[in-house]
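The lines below spell out each chain.
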Amino acid sequence: MIPAYYEFSNHAKVLSGENAVENIAYELKVLEAAHPIVVTNRQLRDLGLVDIVLRALADGGIDVCAIYDAVPVDSSVDVVNDLAKTFRKTGCDAIIAVGGGSVLDTAKGANIVLTTGSTDIKEFMGSEVITARAMVPFIAVPTTAGTGSEVTGAAVIKDTERHVKMGFVSYLLLPDVAVLDPRMTEGLPPRLTASTGLDALTHAVEAFSCRQANPLSDGYARAAIDLIREYLVKTLEDGQDRTARLAMANAAMLAGVSFSNAMVGIVHAIGHACGGQCSVAHGDAMGILLPYGMEYNMDVAGERYGELLLHLKGAEVYASTPAAERPRVAVEAVRELLGDAARRAGMPMRLSQVGVTEADLPAIAATAINDGAMSLNPKDADISDILGILRAAL
């Protein structure tokens with residue numbers, strides 16, 4: 001059914017394929033930039049992934065004015081503000097972010113600070129708070145296949161003082177260019193491959209079933225799930241399979257476009273809270289919580305989940321499953337994929353396996369209820385509902 005009204009936008013240019021990184025120098029010239037700062041972390045520098053980008057830039061005649069490699073596992077307010085300060089001090093004119101969701105979100109946060117002339121990202125928490133029109137040129141090179149941050153107008157940045165993950169949402173945060181190159185993810189360990197892949201799956205499922213879903217976001221979500229079904233396990237079996245790696249990078253990108261427009265729901269709200277309160281890795285929280293969130297939403301979103309069975313298990317299973325049973329089988333399919341990831345890569349299946357205890361649940365629930373994603377979940381929830389999901393997943 002077509003919604004009475006919806007909006008959809010994604011202006012990021014996508015470069016996908018072998019040696020896509022080699023085109024970054026040209027894209028910078030199109031953006032009229034010549035002195036970028038490369039944002040990353042020390043681990044990616046040690047792995048040599050940043051060198052691939054630096055060599056491509058040098059070959060293209062681009063002078064990198066600074067390398068900022070102090071981004072932590074969870075993007076934080078202090079790091080965002082420090083990056084913006086470094087950018088200004090070194091006279092850079094563009095940002096190239098090489099990394100996972102934390103690196104890309106740090107770059108987005110710094111872009112807010114730089115564009116607004118501010119010194120503190122905390123001034124701009126929320127949705128569509130930014131009013132500037134000319135953002136700093138920004139190219140995103142993801143090294144994981146999960147967050148989709150390379151094509152989203154959202155960033156999640158941790159306030160370490162309050163132990164809260166703050167959300168920033170604006171179409172202005174979309175990178176100018178997203179570069180999907182299989183070389184950038186082929187060294188990702190199986191454990192992180194599984195975690196980030198399930199993050200992408202959760203983006204697609206929640207975008208497809210939340211209140212802001214629309215025909216365009218639905219198309220991206222369906223395509224993402226098709227690729228995840230076919231290629232996630234292949235990347236766990238052979239991390240050097242570049243065809244599978246590129247497919248998963250595209251899956252994460254497609255899911256990112258979908259949820260950037262349709263948004264997400266209760267699984268992300270609780271997952272953000274688990275990360276803020278107990279430092280649970282985001283992808284781990286998503287994989288663990290997704291089937292429980294789907295079960296909670298079943299009486300409202302069951303028909304939509306039933307549609308997704310076609311993409312989760314393929315045409316044969318979908319056709320042979322009675323319509324009334326499809327929502328339940330869809331949840332089983334998600335659990336089956338999580339189980340595969342647990343067996344092949346050590347992916348956790350319970351919150352207790354990632355350090356969450358019964359004593360943590362009230363604080364997690366109190367944080368989750370105020371997360372912006374709650375407002376777009378297909379079904380309303382209160383603290384007791386969230387506690388019920390947490391206890392089922394513990």
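Relevant structure appears above.
Being a predicted model, the structure only gives us computed values, none of them experimental.

S.K.: It is not clear to me how the packing of aromatic side chains should be interpreted in this structure. Could you clarify?
M.R.: A ring pair, where both rings are aromatic, is described by two values, the distance of the centres and the angle of the planes. As enumerated under the stated definition, the model contains one aromatic pair in all. A cation over an aromatic ring shows up here: Arg326 above the ring of Tyr318, its NZ or CZ 3.9 Å from the ring centre. Lying over the aromatic face of Tyr296, Lys379 brings its terminal NZ or CZ to 4.2 Å of the ring centre.

S.K.: Got a minute to help me understand the state of the cysteines in this structure?
M.R.: In protein structure, a disulfide is the covalent linkage between the sulfur atoms of two cysteines. Applying the stated criterion to the full structure yields one disulfide. Unpaired in terms of disulfides, Cys210 finds its nearest cysteine sulfur in Cys274, a separation of 20 Å. Here Cys274 stays free of any disulfide, with the sulfur of Cys278 as its closest cysteine sulfur at 6.4 Å. Judged by relative accessible area, which is 0%, Cys274 ranks as buried.

S.K.: Looking at this structure, I do not really get the sheet that holds strand β4 (residues 94-99). What am I missing?
M.R.: Think of a sheet as strands paired side by side through backbone hydrogen bonds, with each pair either parallel or antiparallel. Spatial strand order, β1-β9-β6-β4-β2-β3: six strands in an open sheet with parallel pairing. Edge positions in the open sheet fall to β1 (13-16) and β3 (66-68), since each of these has one partner strand only. Between one strand and the next, the sheet's axes are offset by a mean angle of 15 degrees, whatever the strand orientation. One ladder, built from three bridges, connects strand β2 (residues 36-39) with β3; its direction is parallel.

S.K.: Please clarify how the packing of helix α7 (residues 215-237) against helix α8 (residues 242-262) should be interpreted in this entry.
M.R.: For any two helices packed against each other, one specifies the inter-axial angle together with the distance between the axes. Close contact between α7 and α8 brings their axes to 8 Å; oriented N to C, the two are set at 150 degrees. Accordingly, the angle class assigned to the pair α7 and α8 is roughly antiparallel. Between α7 and α8 the crossing geometry is left-handed. On α8, the residues that touch Ser217, Tyr220, Ala221, Ala223, Ala224, Leu227, Ile228, Tyr231, Leu232, Lys234 and Thr235 of α7 are Thr243, Ala244, Arg245, Ala247, Met248, Asn250, Ala251, Leu254, Ala255, Val257, Ser258 and Ala262. Looking at side-chain class alone, the contact of α7 with α8 contains 16 nonpolar, five polar and two charged residues.

S.K.: How should the nonpolar core be read in this particular structure?
M.R.: Generally speaking, a soluble globular protein has its nonpolar side chains buried in company with each other. In terms of nonpolar packing, the biggest core is built from 81 residues, with Leu201, Ile270, Leu351, Ile364 and Leu390 touching the most fellow members. Looking at which element gives the most residues to this core, the answer is helix α10 (residues 282-313), with 13 residues. Residues contacting Ile364, with those up to four places away along its chain left out, are Ile270, Ala273, Cys274, Gln277, Cys278, Val356 and Leu390. Leu83, Val103, Val136 and Ala155 belong to the second largest nonpolar core, which has 34 residues in total.

S.K.: Is there a simple way to think about helix α4 (residues 77-90) in this case?
M.R.: In an α-helix, one full turn covers 3.6 residues, which means residues spaced three or four apart are oriented alike. The terminal C-alpha atoms of α4 lie 20 Å apart, and with 14 residues this matches the ideal 20 Å at 1.5 Å per residue to within 8%. Among the residues of α4, those classed as buried are Val77, Val79, Val80, Asn81, Leu83, Ala84, Thr86 and Phe87. Check the buried side of α4 and you find it contacts β2, β3, β4, α5 (101-116), β7 (154-159) and β8 (164-169). Directly after α4, the chain includes Gly91, whose backbone phi takes a positive value near 75 degrees.

S.K.: Any chance you could explain the pattern of salt bridges here in plain terms?
M.R.: Two side chains of opposite charge can pair, provided their charged atoms sit close to one another. Throughout the structure, instances matching the rule amount to 21 salt bridges. Across the pair Arg45 and Asp69 runs a salt bridge whose closest N-O atoms are separated by 3.1 Å. Of the two residues, Arg45 sits in helix α2 (residues 42-46) while Asp69 sits in the loop between β3 and α4, which places them 24 residues apart along the sequence. In this structure Arg45 comes out as partly exposed when scored by relative accessible area, which is 34%. Take Asp69: its relative accessible area is 17%, and that puts it in the buried class. Beyond isolated ion pairs, a larger network of salt bridges with shared partners links Asp218, Arg222, Arg304 and Glu307.

S.K.: Can you walk me through the environment of Glu307 in this structure?
M.R.: Tracing the sequence through the fold places Glu307 in helix α10. Considered as a pair, Glu307 and Arg222 are 85 residues apart in the sequence and their alpha carbons are 9.5 Å apart. Apart from residues lying up to four places away in sequence, Glu307 is in contact with Phe208, Arg222 and Tyr318. At a separation of 2.7 Å, a polar atom in the side chain of Glu307 contacts the side chain of Arg222.

Basis of the calculations
- Residues numbered from 1 in each chain as written.
- Predicted model: local features only at pLDDT ≥ 70, side-chain atom pairs only at ≥ 80, totals over all residues.
- Heavy atoms only, no water.
- Phe/Tyr/Trp six-rings, centres within 6.5 Å; stacked < 30°, edge-to-face > 60°.
- Lys NZ or Arg CZ within 6 Å of the ring centre and 35° of its normal.
- Disulfide = S-S within 2.5 Å.
- Buried < 20%, exposed > 50% of the residue type's maximum accessible area, 1.4 Å probe, protein only.
- Pairing = 2+ DSSP bridges.
- Helix = DSSP H or I, 4+ residues; strand = E, 2+ residues; numbered from the N terminus.
- Axes fitted to C-alpha atoms, helices over the stretch in contact; angles between N-to-C directions.
- Parallel < 35°, antiparallel > 145°, perpendicular 65-115°, else oblique.
- Left-handed = near helix turned anticlockwise from the far one by under 90°.
- Contact = heavy atoms within 4.5 Å.
- Nonpolar A, V, L, I, M, F, W, Y, C, P; charged D, E, K, R; others polar.
- Core = buried A, V, L, I, M, F, W, Y, C linked by side-chain atoms within 4.5 Å.
- Expected span 1.5 Å × (residues − 1).
- Salt bridge = Lys/Arg side-chain N within 4 Å of Asp/Glu carboxyl O.
- Polar contact = N/O pair within 3.5 Å; in protein donor to acceptor, adjacent residues only side chain to side chain.

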